[in-house]
Amino acid sequence: MLQVTLARLKQGHRTIPYPARPPVLPDRFRGLPVVDSSKCPDGCSACAEACPTDAISMDKRGFRLDLGRCLFCTDCMQACPEGAIRYSQEYRFATRTRDDLIYDGRTLNLAAALDEKTRRLFGRSLKLRQVSAGGSGACEADLNVLGTVVFDLGRFGIQFVASPRHADGLVVTGPVSENMRSALLETYAAIPAPKVVIAVGAEAISGGIFRGHSDVHDGCCSLLPVDLFIPGWPPHPMTILDGLLRLLGRLEQDPMRVG
Amino acid sequence: MIDNTFTTLRSGQAVPGRQIPQVTLEEFQRTVVDAVADGQRVAAFFGDAPTSTGKVHLYAILSDSGRGVLRVGTVTLDSDQFPSLTPVCPQVHLFEREIAEQYGVCPEGHPWLKPVRFHASCRPGHDAWGRQPGETSLIGVMDFYRVEGEEIHEVAVGPVHAGIIEPGHFRFQCHGEQVFHLEISLGYQHRGVERALVGGPTKRTIHALEAVVGDTSIGHSTAYCQAVEALADCQLPIRAQALRGIALELERLANHTGDLSALAGDVGFLPTASYCGRIRGDFLNLTALLCGSRFGRGMIRRGGVGFDLDESRTTEFLARLEAAYRDVANAADLLWDSASVQARFEGTGAVTRELGLSLGLVGPAARACGIECDARNDFPAGIFRFTHIPLSTWQTGDVFARAYVRWLEIRRSVAFIKSQLQEIPDGPVWTRPKAPKPDHLVVSLVEGWRGEICHVAMTDAQGCIARYKIVDPSFHNWMGLAIAVRDQQISDFPLCNKSFNLSYCGHDL
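This text gives an overview of the structure that appears in the document. (Residues numbered from 1 in each chain as written. Chains lettered and ligands numbered in written order. Predicted model: local features only at pLDDT ≥ 70, side-chain atom pairs only at ≥ 80, totals over all residues. Heavy atoms only, no water.)

### Digging into the overall build of chain B
Here is the rule: Here a helix means four or more residues in a row that DSSP labels H or I, a strand means two or more in a row labelled E, and each is numbered from the N terminus. We compute the radius of gyration over the C-alpha atoms and compare it with the globule rule, which gives 2.2 Å times the number of residues raised to the power 0.38. When a residue's accessible area, from a 1.4 Å probe over protein chains only, is under 20% of the maximum for its type it is buried; when over 50% it is exposed; and in between it is partly exposed. Throughout, a residue-residue contact means that at least one pair of heavy atoms, one from each residue, lies within 4.5 Å. Each accessible area value is a Shrake-Rupley result obtained with a 1.4 Å probe; residue values ignore everything except the protein chains displayed when judging cover.
On a plain count of helices and strands, chain B comes out with 16 helices and 15 strands. Relative to its length of 509 residues, chain B is compact, with a C-alpha radius of gyration of 22 Å against a globular reference of 23 Å. Considering chain B as a whole, with its 509 residues, one finds that 65% of them fall into the buried category. Sequence-distant contacts in chain B: of pairs separated by 6 or more residues, those separated by 24 or more amount to 67%. If you sum the accessible surface of chain B, you get close to 17500 Å²; carbon and sulfur atoms cover 51% of it.

Here's what the structure looks like:
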């Protein structure tokens, strides 16, 4: 018992002071990419060609990046002859619609809060059921991390529960393998309405690197009405937490400008 | 006795396809059975069906760890049947099921021939179960092993589990609390990974390998890079090799620490559960300090590594590694010193050495029952050719042993990383990769944190990947878990499960 008490003193208090203070992220953290399209030479599409998930397009509107497909890898950055692409430390980029994930490299419509009525129901207590549908284990791991003492998800009134009957919403990871489609839909059906659906990670949003495989459904968007999109590969726990708090209307909702 | 029927090669040595001996089915099977009787292990056993021949070819990769070599041989099947080896060589049971499902050939006499991932055969019109095209069974819809009797009850769990965890189905046959039998039925995570790699390497390949098993990105991407580098005669700069080794051990540290947390949580010992849960994050953040991603995405690249360490980053890295190690040592000591924890760990879910050998277990689960196997020692590649990490084993084969081996390995990994960083060689961390050679085969082994990761790559006449076989350690070890819970209380299943902590997606691919 004494040893346990001494260990408690030694290990100390480790919950981060977020949201009172911003989180500390590693300097090499690849957050929201920032693009200076003014540097783009005419007709150049080196970044689009290098992108492993074809997330980048160059059309008459200019550079467009589908954050829902982005793996946050360095391939586009390295392919760009002008150094126009760089990663920022911005960890906030969850959105409410699939279209909002189509990003021009400068501004992004961050997730707005749920409507007033749903917010009254879930704002201070949100119970979520998670289903991994072909997920590789990384998105799942960084969802689990939210339950550690570092993030202490419970202090925000958010909790992952075992039974869909006890849940207010569904968190989906993975590209939705054909073999998990029915289990995913049944879990969704078992959650009482009103309910929210949250897609976490490139695979759940678009199929990610598995997009186009005949064994997967390219994410859950064609199967379920998604209320919150959290991009990343996997998303940093702070990106997930930020998205959840925004959905509940507990953070500022202004459109964000990075640079 | 050394049998020369198969050809001998090292891990990471590319050989021309024509050098792989084509043997008769009888020779092929006799070689596998004799090798296993000699103490060798089946590292991979898989099929291929090139359109050029229209026939199914079987390949076996035998791991002769005592001599530090691999043996490979192949046989062309003349019909859609071959005699099953499983009755005399249990460790091929799942490989044979996989071959049956993928190529529609039937291992006759297999005691439990069921689908593995519930997909159609890649040879239309050929099905091991005689089903017509479009008739493939829905996942999980099949007969399960049943124990009959008035007092027997069946417990079915999954595919969706109570926590944030991957899906799989577990079917227990119980008498009261006692588990008579557990059947594990997976395949829910099947994403068609291997098939998508054919024709590569493409711009997608390295990323797909990083996501085969999300918590083993470093392990699998290293195995892949070793394979394609060997196919291209690419020599890695020594600094890149050291950094790959550091990344691999960081991955081990994070996951082993997470496992200690989960094991403590499952016996209700919250101090270590919460400390190690947090310290796991410290190790993940060290990986992010190195390469920006907590899971090592972007670190391992063909020809070297994606990120280097400068002096100030190394200093910060070492200080944080030291602090995380102090914390994990303190938290782990609580486990070993708490009688209430030990009472739950000791004797629970024991697997004997004989059983472990016969099932072909790998990784900490094998080392916990006294089996001396570790690809870092047995088949050293990269930095492990220059620096050896002492092997950590235990004898009891129970939950305690699987936990304690992890702790021993945490200590070894920290010591390894520290020594590497103190004497890290200068120089580049990347060299431009060349194209893989045509018509070659390579086997690449990496000791991931779960155990031996085995990748086999074969190229076609253009130097593109014609067949890519991935064997995650989980593929060997799931049966070990099913055996470990026999005669245990069903309430100890979660504890046994965590002590193995196997990958679903690595099995399902």
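From this point, things continue past the structure.
### Here we look at the layout of surface pockets
With a probe scaled to a water molecule rolled over the atoms, the places where space remains empty come into view. Operational definition: Detection works on a 1 Å grid of protein atoms alone, calling trapped sets that fit a 1.4 Å probe cavities and calling open sets with protein on both sides within 12 Å along at least five of seven lines pockets, with lining residues defined by an atom within 4 Å of a point. Grid points are joined across faces, edges and corners, and a volume is the space filled by probe spheres set on the points. Each residue gets one of three labels, nonpolar for Ala, Val, Leu, Ile, Met, Phe, Trp, Tyr, Cys and Pro, charged for Asp, Glu, Lys and Arg, and polar for the others, Gly among them.
Its boundaries defined by the atoms lining it, the largest pocket holds a volume of some 1500 Å³. What lines the largest pocket is a set of 47 residues, among which Asn144 of chain A together with Ile164, Ile165, Ala262 and Lys498 of chain B lie closest to the centre. Of all the elements in the fold, those that place two or more residues in the lining of the largest pocket are α5 (138-144) of chain A together with β8 (152-157), β9 (169-175), α6 (238-266), α7 (270-291) and α15 (493-500) of chain B. The residue makeup of the lining of the largest pocket, split by class, is 25 nonpolar, 14 polar and 8 charged. When its volume is computed, the second largest pocket comes out at roughly 910 Å³. In this structure, the second largest pocket is lined by 36 residues; those nearest its centre are Asp48, Ala49, Pro50, Ala466 and Arg467 of chain B. Residue assignment for the lining of the second largest pocket shows that the elements contributing at least two residues are β4 (57-64), α2 (93-103), α3 (193-197), β13 (440-448), β14 (451-459) and β15 (465-471) of chain B.

### Regarding the interface of chain B and chain A
Interface size, as often reported, equals the accessible area lost upon joining of the parts. Going by this rule: The quantity reported as buried area is the accessible area (1.4 Å probe) lost by two parts once they are put together, taken as the sum for both. Any carboxyl oxygen of Asp or Glu that lies within 4 Å of a side-chain nitrogen of Lys or Arg is treated as forming a salt bridge with it. Within 3.5 Å is the distance limit for a polar contact, defined as a pair of N or O atoms, with the added protein rule that one can donate a hydrogen and the other accept it, and that residues adjacent in sequence qualify only through two side-chain atoms.
If you look at the interface, chain B gives 59 residues, while chain A gives 63 residues. Counting each side, the surface lost to burial between chain B and chain A is near 4700 Å², with a carbon and sulfur contribution of 53%. Along the contact surface separating chain B from chain A lie 5 salt bridges. Close ionic contact of Asp27 of chain A with Arg313 of chain B constitutes a salt bridge, the shortest N to O distance being 2.6 Å. The tally of links between chain B and chain A comes to 30 residue pairs in polar contact (both at pLDDT 80 or more). If you list the elements that add at least two residues to the side of chain B that touches chain A, you get α3, α4 (205-210), α7 and α8 (311-337) of chain B. Among the elements that line the side of chain B that touches chain A, the one with the most residues is α7 of chain B, at 11 residues. Residue composition of the side of chain B that touches chain A, grouped by class: 27 nonpolar, 14 polar and 18 charged.

### A closer look at the pattern of salt bridges
What the rule picks out here adds up to 44 salt bridges over all chains. Residue Glu154 of chain B pairs with Arg146 of chain B through a salt bridge whose shortest N-O separation is 3.9 Å.

### What to know about unusual backbone geometry
Along the chain, Tyr18 of chain A connects to Pro19 of chain A via a cis peptide bond; the corresponding omega equals 0°. Note the cis peptide between Ala193 of chain A and Pro194 of chain A, where omega equals -5°. Within the fold, Pro194 of chain A resides in the loop between α6 (178-190) and β10 (196-200). A positive phi angle, near 55°, is found at Phe118 of chain B, a position not held by glycine. Among the secondary structure elements, Phe118 of chain B is positioned in the loop between β7 (106-108) and β8. Even without glycine at this site, Asp487 of chain B takes up a positive phi of about 65°. The residue Asp487 of chain B is located in the loop between α14 (473-484) and α15 in this model. For Asp487 of chain B, a relative accessible area of 53% translates into the label exposed.

### Describing the nonpolar core
We apply this condition: Buried Ala, Val, Leu, Ile, Met, Phe, Trp, Tyr and Cys residues that are joined via side-chain atoms within 4.5 Å together make up what is termed a nonpolar core.
Among the nonpolar cores identified, the biggest contains 121 residues, and Met299 and Phe345 of chain B are the most heavily contacted of them. Formed by 44 residues, the second largest nonpolar core is a distinct cluster that contains Val42, Ile61, Val75 and Phe95 of chain B.

### With respect to α14 of chain B
Residues and elements named next belong to chain B. To keep things clear, this is the line we draw: By this rule the span expected of a helix is its residue count minus one, scaled by 1.5 Å.
Relative to the 16 Å expected for 12 residues at 1.5 Å per residue, α14 spans 17 Å between its end C-alpha atoms, a close match to the ideal helical length. Buried residues dominate α14, accounting for 11 of its 12 residues. Of the residues making up α14, those classed as buried are Pro473, Ser474, Phe475, His476, Asn477, Trp478, Gly480, Leu481, Ala482, Ile483 and Ala484.

All we've got here are geometric facts, nothing functional implied.
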